[in-house]
Amino acid sequence: MKKAVKWIAWLAAVFVIGAFSYTAFQARGSNGFSLIPVVRGDLVNTVKISGKVIATESVDLGFEIGGIVSRADRRAGDGVQRGDVIASIDGSSIRAAVLRAKAELASAEAELANLESSSSDTRIQSAERAVSLAIDAAYTAIDDAVRNKTDQFFSGPTGPNPEIMPVFDDFRLRESINRQRLSIEAILRSWVSNKPTISTARDNVHQVSMFLNDISRAVNDFRPNTTLSQAVIDKYRTDVSLARQAVNSAASSLASAEEGLRSDRSVIPVQAARVEAARANLLVMEADLSKLELVSPISGVLSKQDLRVGQAISPNLPYVSVITREMKIETFIPEVSIAGVNINDT
């Protein structure tokens, strides 16, 4: 009986092992691997990152000029719209400067209008006449200085070979004086036939002045002899001195007349430039008016507001910050994970 029970137990164990082996064999292929059915689907690659929440846009605000805060109605946490005034500083001095700049511009414009009237033309014509008279007076002065005061000791002064007659030691000075007298004769003749401009007249007078300087040096070297007395030499020296004074006076008159004409001709452009300068100054003052208010450039919320009425503030410091209500996440992706991330991935 016991033997029969033992055989039944062995048969049951063999049956169980066989059933398990058959099931395992059916689940595996003939090569011993597990068989999994193939299905179509997405391959998901996950990149784990961390970041922080920030506003989509934020600005720090400060005044461009220093001053005393006269208004600061908003506080941190208050909502603002684009263009809202957050705070302002006292602008009484700037407004006074604007009024002063307007007055200066009006005065400059009135003066320009006065200069552009007919009286300005009359003044210029008067200056031109003064120049013409100065040129005529200069010719009279140099003509008298050369032909009446110095030609008395020249031989053939108006001819092709003028020669200073008294003997003196400086041969080079003698030759220079003779050449200058020849060129001055051409100047005097040209002046009569064709009245020169103010600049040419000034140059001509200068040339005669240099000639007289050399003549003065020569006359001082004259020595009395049987044909030239000391009295005559003294007269020559006096005549040359008077000639130099007259020519120098003519040169001064020409310069004065020329400066007067230049001044009258330039007075309108100069005044026009003053008008533009006054206008530019007014624009600067008016621009400073716009700097008295701190205006929000975006719509959002005040995240910082450190201004109080009566506070003295310095320019270009961030007293106020504004952020938008819209938020975004700012994160940094490691370089090794960049390849697995595309725009608009979630």
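Let me begin by describing the structure that accompanies this report. (Residues numbered from 1 in each chain as written. Predicted model: local features only at pLDDT ≥ 70, side-chain atom pairs only at ≥ 80, totals over all residues. Heavy atoms only, no water.)

Once that is clear, we can look at the sheet that holds strand S9 (residues 300–305). With antiparallel pairing, four strands are arranged side by side in an open sheet as S2-S11-S9-S4. The sheet terminates laterally at strand S2 (58–61) and strand S4 (79–80), the two strands that pair on one side only. By the bridge criterion, four bridges tie S2 to strand S11 (residues 320–323) in an arrangement that is antiparallel. Directly across from leucine 61, in S11, lies its bridge partner valine 320. (Pairing = 2+ DSSP bridges. Helix = DSSP H or I, 4+ residues; strand = E, 2+ residues; numbered from the N terminus.)

Ordered by their spatial adjacency, four strands build an open sheet running S8-S5-S3-S10, and the pairing between neighbours is antiparallel. Sheet topology places strand S8 (293–295) and strand S10 (312–313) at the edges, where each strand pairs with a single neighbour. The pairing of strand S3 (residues 67–71) with S10 spans two bridges and is antiparallel. By the bridge assignment for S10, isoleucine 68 is matched with alanine 312.

It is worth spelling out helix H2 (residues 92–115) at this point. End to end, H2 covers 35 Å across 24 residues, agreeing with the expected 34 Å (1.5 Å per residue, within 8%). All of the buried residues along H2 are Ile94, Ala97, Val98, Ala101, Leu105, Ala108, Leu112 and Leu115. (Expected span 1.5 Å × (residues − 1). Buried < 20%, exposed > 50% of the residue type's maximum accessible area, 1.4 Å probe, protein only.)

Next up on the list: the packing of aromatic side chains. A full pass over the atoms with the stated rule returns seven aromatic pairs. A centroid spacing of 6.0 Å and a plane angle of 45° characterise the contact between phenylalanine 168 and phenylalanine 222, whose relative ring orientation is tilted. Here phenylalanine 222 lies in the loop between helix H5 (198–220) and helix H6 (230–290) and phenylalanine 168 lies in the loop between strand S7 (163–164) and helix H4 (171–193), a separation of 54 residues in the sequence. Phenylalanine 168 gets classed as buried once you look at its relative accessible area, which sits at 7%. The class for phenylalanine 222 is buried, based on a relative accessible area of 1%. On the numbers, 6.3 Å between centres and 75° between planes, the contact of phenylalanine 222 with tyrosine 236 is edge-to-face. Of this pair, phenylalanine 222 sits in the loop between H5 and H6 while tyrosine 236 sits in helix H6, and the two are 14 residues apart along the sequence. A relative accessible area of 10% means that tyrosine 236 is categorised as buried. Feature note: the residues Phe153, Phe154, Phe168, Phe211, Phe222 and Tyr236 constitute an aromatic cluster, connected by ring pairs. (Phe/Tyr/Trp six-rings, centres within 6.5 Å; stacked < 30°, edge-to-face > 60°.)

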